[in-house]
Amino acid sequence: MPQWSAISRTEHADSHYLPRQGYGFAARDPVVPILIAELTKLLPHYALGFIQQDEDSRQDYQPVALTSLGGQQNLYVHPDGRWLGSYVPAGLRGYPFTLANTQDRQQVLCIAQDHLLEGHQGEALFDDDGNLTDKVQQTLNFLTQCDQNRQVTRAASQRLGETGLIEPWPLKVERGEGKEPRAVQGLYRINEKALNELAADAFADLRKHGALVLAYAQLFSMSQLAQLTERARFHERHHAQHAGEPVGQDIDSLLEGGDDDLTFDFGD
């Protein structure tokens, strides 16, 4: 986990930083948090599920995109840091910046400490007038919009949990011929039977609170589990190639030019 430093004009007026170079920082993330605003972008590429936000609350869930086969390797990250897919989840794109809450619940912009640089290498955090540079301000705007939608997403997930529609997901993912399926632990899914049996007023309540679209997105996304198997095979071929074995490589079919800009426009 990165160590974060709150950015301040007094402390960092002359500081510089190293911009994100690829997504190696997420290489060990088995899941990535997602937002309701980006569901249409996610569905062609990711299987979606839920994890528990708080072990003490059985109704507090976080929707996530699955990025591993139950291990600690993000199968969407190439060994050189490139993202293997045409859409990068919004939660990763603001790095090395993030928003954090202070003790008095004020939000502050933070940066990963290992991206702060001495001297004038890298890019400046502040301009000569003491304002955030355009690029940093753009990132702050993006993170702020993401955080606003994160509140909407969390409320919708909580509604699904309170309605009893989220259940443990006994997921087993195929790993190819001759290999045993791998069980993925700690995931939850929508109970489709319970969703279909909801009373009309409960169904309308979910729609009113934006939770219905999240429920159906998770169900529809399960057809994308094959994406994980495809990426696992790519990583196996890559490792075999570096071990000196003659194997083919079809990285072009996985890369497709990642969408990693800092805009909060997830429409078609």
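Our structure's up above, just so we're on the same page.
Below: a short report on this structure.

## Some points on the overall build of the chain
Helices and strands together make up the secondary structure of the chain, namely nine helices and 13 strands. With the model as given, the accessible surface of the chain reaches about 14600 Å², and the carbon-plus-sulfur share is 45%.

## What to know about the sheet that holds strand β8 (residues 116-117)
The antiparallel open sheet is built from three strands, whose spatial order is β8-β2-β9. Where the open sheet ends on each side, the last strands, each with one partner, are β8 and β9 (123-124). Of the strand pairs in this sheet, strand β2 (residues 16-17) and β8 are connected by two bridges, and their pairing is antiparallel. Bridge pairing in β8 links H16 to L117.

## Quick word on the pairing of strand β6 (residues 97-101)
Pairing analysis gives five bridges linking β6 to strand β7 (residues 107-112), with the strands arranged antiparallel. Its bridge partner lying in β7, N101 is registered against Q107. The antiparallel hairpin formed by β6 and β7 contains five residues in its connecting segment, where R105 sits at a positive phi of about 65 degrees.

## Details of the sheet that holds strand β1 (residues 4-6)
Read across the open sheet, the three strands follow the order β1-β7-β6; overall the sheet is antiparallel. Both edges of this open sheet fall to β1 and β6, since each of them pairs with a single strand only. Averaged over all neighbouring strand pairs, the angle between strand axes comes to 45 degrees, with direction disregarded. Examined bridge by bridge, β1 and β7 share three bridges and lie antiparallel to one another. Bridge assignment links A6 to a residue of β7, and that residue is C110.

## Quick word on unusual backbone geometry
For the peptide bond that leads from Y95 to P96, omega is 15 degrees, which places it in the cis range. By the secondary structure assignment, P96 is in the loop between α3 (90-93) and β6. Phi at R105 is positive, roughly 65 degrees, even though this residue is not glycine. Relative to the helices and strands, R105 is located in the loop between β6 and β7. Given a relative accessible area of 74%, R105 falls into the exposed group.

## Quick notes on helix α4 (residues 134-162)
With 29 residues, α4 extends 42 Å between its outermost C-alpha atoms, agreeing within 8% with the 42 Å of an ideal straight helix rising 1.5 Å per residue. Downstream of α4 by one or two residues, G164 has phi in the positive range, about 80 degrees.

## Considering the packing of aromatic side chains
According to the stated counting rule, one finds nine aromatic pairs in the structure shown. Between W4 and Y95, the aromatic rings sit 5.9 Å apart at their centres with planes inclined by 75 degrees, giving edge-to-face as the arrangement. Linking W4 in strand β1 with Y95 in the loop between α3 and β6, this pair joins segments that are 91 residues apart in sequence. Using a relative accessible area of 32% as the deciding quantity, one classes W4 as partly exposed.

The rules behind each value
Residues numbered from 1 in each chain as written. Predicted model: local features only at pLDDT ≥ 70, side-chain atom pairs only at ≥ 80, totals over all residues. Heavy atoms only, no water. Helix = DSSP H or I, 4+ residues; strand = E, 2+ residues; numbered from the N terminus. Areas by Shrake-Rupley, 256 points an atom, 1.4 Å probe, with all protein chains shown as cover. Pairing = 2+ DSSP bridges. Axes fitted to C-alpha atoms, helices over the stretch in contact; angles between N-to-C directions. Buried < 20%, exposed > 50% of the residue type's maximum accessible area, 1.4 Å probe, protein only. Expected span 1.5 Å × (residues − 1). Phe/Tyr/Trp six-rings, centres within 6.5 Å; stacked < 30°, edge-to-face > 60°.

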